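Below, each chain spelled out in residue letters.
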Number of protein chains: 2
Amino acid sequence: MAGYRVRAAELGDCQEIMRMIQELADYEKLPDQVKITAQDLLRDGFGETAPLFRCLVAECEDEDRMAAGPQLAGYALTYFIYSTWEGRSLYLEDLYVTPQYRGKGIGSKLMSAVAESCLSLGCARLQLSVLDWNQTAISFYKSRGARDLSQEEGWHVFRFLPDDLRRMTSKSSVPN
Amino acid sequence: MAGYRVRAAELGDCQEIMRMIQELADYEKLPDQVKITAQDLLRDGFGETAPLFRCLVAECEDEDRMAAGPQLAGYALTYFIYSTWEGRSLYLEDLYVTPQYRGKGIGSKLMSAVAESCLSLGCARLQLSVLDWNQTAISFYKSRGARDLSQEEGWHVFRFLPDDLRRMTSKSSVPN
């Protein structure tokens, strides 16, 4: 049985990570929301400025098997957030395993690696968001101890888009 | 009538920001969750390593009036997040106006300044979380165009604590 290893993503993985980002958006039934490209990932995660995210990827250790299917089996993308209650924390933006590679414990391996880097980076919390109908993901996280803060404490996520921001900026020049 | 200015927070503001962080936690009925100190803010936002957050503060332009009450009137604390759909974004962790200074448009001024920095930093989105019973905050953000993504798309916030992370790490050394 082929083994799988988890390693830090490299420059050359961006195209494959982008393929999986789109697959995840399709799965989440929000396929049109993906606006970035592999070039953006390259610049933002592996460019000359401080990286805006960290990415782990899973790959098959059996090179023949890898040649037959997609090159990467999964990815986990995280970045620092800051809690004014507990300080430096980590956010898990995406954890995904590509369909051909499911049922092999790759999600668990990625999750453990994320937990490990969270602790080694001195983060107090690991936070993430899940769609309420995505019971597979909810069970996966809950079985590992995650608490649903939207349910328990009532936190709702809000978002402003650029048009909202521009309106607020032009308002700010009017005396109030 | 006294005016209020918004400026970038400085090292010397940490004690006052910490006072307002606690006030906000009290208001959110989660007073015991504040674990950090002004020292942590100092190190994480104004230390030798890359700052983990940005902070804007509001203060009264009338020095006599300031001397009578708390030194700072409000604050807005943000940091970069990364959307795998839209790229670099900003997260508004806290926006708060201290009780003595409410009803003077300071919240709007802070919000406009946040919107401005969001745009100038090239961020696609500004995101934040609000407690479902906090109608004052919800109206404030909605009237400026924010959408409730928990309601519209069903996003729930989940959190792992260090004990969960440690359990996952020890599991990962067992072959699976």
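Residues numbered from 1 in each chain as written. Chains lettered and ligands numbered in written order. Predicted model: local features only at pLDDT ≥ 70, side-chain atom pairs only at ≥ 80, totals over all residues. Heavy atoms only, no water.

So, the packing of helix α1 (residues 14-27) of chain B against helix α2 (residues 38-46) of chain B
All names here are of chain B.
Then step 1. Their axes nearest at 9 Å, the elements α1 and α2 cross at an angle of 115 degrees. In this structure, α1 meets α2 at a crossing whose hand is right-handed. Of α2, the residues touching α1 (which contributes Cys14, Gln15, Ile17, Met18 and Ile21) are Ala38, Leu41, Leu42 and Phe46.
Then step 2. When its residues are assigned to classes, the contact of α1 with α2 shows eight nonpolar, one polar and no charged. (Axes fitted to C-alpha atoms, helices over the stretch in contact; angles between N-to-C directions. Helix = DSSP H or I, 4+ residues; strand = E, 2+ residues; numbered from the N terminus. Left-handed = near helix turned anticlockwise from the far one by under 90°. Contact = heavy atoms within 4.5 Å. Nonpolar A, V, L, I, M, F, W, Y, C, P; charged D, E, K, R; others polar.)

A few points about the pattern of salt bridges
Residue and element names in this part refer to chain B.
Then step 1. Summed over the entire model, instances satisfying the criterion amount to 24 salt bridges over all chains.
Then step 2. Of the charged contacts in the structure, one is a salt bridge between Arg19 and Glu16, with a shortest N-O distance of 2.5 Å. One end of the pair is Arg19 and the other is Glu16, both in helix α1 and three residues apart, which spans about a single turn.
Then step 3. As a salt-bridge pair, Glu153 and Arg147 come within 3.9 Å of each other at their nearest N and O atoms.
Then step 4. Residue classification places Glu153 among the buried residues on the basis of a relative accessible area of 18%. (Salt bridge = Lys/Arg side-chain N within 4 Å of Asp/Glu carboxyl O. Buried < 20%, exposed > 50% of the residue type's maximum accessible area, 1.4 Å probe, protein only.)

Some thoughts on the relation of the copies chain B and chain A
Then step 1. You can overlay chain B on chain A at an RMSD of 0.0 Å; the transform is a turn of 180 degrees with a shift of 0.0 Å along its axis. Taken together, the rotation angle and the small translation identify this as a two-fold axis.
Then step 2. An overlap of 100% is found between the interface residues of chain B and their copies at the interface of chain A, pointing to a shared contact surface. (Least-squares fit on C-alpha atoms with pLDDT ≥ 70 in both.)

A closer look at the nonpolar core
For soluble globular proteins, the rule of thumb is that nonpolar side chains tend to be buried together.
Then step 1. Residues Ile17(A), Leu41(A), Tyr75(A), Ile17(B), Leu41(B) and Tyr75(B) are the most contacted members of the largest nonpolar core, which totals 60 residues.
Then step 2. Excluding its chain neighbours within four sequence positions, the residues that come into contact with Ile17(A) are Ala9(A), Leu41(A), Cys55(A), Val57(A), Leu72(A) and Tyr75(A).
Then step 3. Of all hydrophobic cores here, the second largest spans 31 residues; its members include Ala76(A), Leu92(A), Leu121(A) and Leu126(A). (Core = buried A, V, L, I, M, F, W, Y, C linked by side-chain atoms within 4.5 Å.)

Points about the environment of Cys123(A)
Residue and element names in this part refer to chain A.
Then step 1. Its location among the elements puts Cys123 in the loop between α4 (106-120) and β5 (126-131).
Then step 2. By relative accessible area, which is 5% here, Cys123 ends up buried.
Then step 3. Separated by 90 residues in the primary sequence, Cys123 and Gln33 have C-alpha atoms spaced 30 Å apart.
Then step 4. In this structure Cys123 touches Phe80, Arg88, Ser89, Leu90 and Cys118, once residues within four positions along its chain are discounted.

Description of the interface of chain B and chain A
Then step 1. Every contact between the two is made by 73 residues of chain B and, on the other side, 73 residues of chain A.
Then step 2. Both faces combined, the contact of chain B with chain A buries some 7500 Å², and carbon together with sulfur accounts for 60% of it.
Then step 3. At the surface where chain B touches chain A, the tally comes to zero salt bridges.
Then step 4. For the pair chain B and chain A, the number of links is 30 residue pairs in polar contact (both at pLDDT 80 or more).
Then step 5. Of the residues in the side of chain B that touches chain A, the class split is 35 nonpolar, 17 polar and 21 charged. (Buried area = accessible area lost by both parts, 1.4 Å probe. Polar contact = N/O pair within 3.5 Å; in protein donor to acceptor, adjacent residues only side chain to side chain.)

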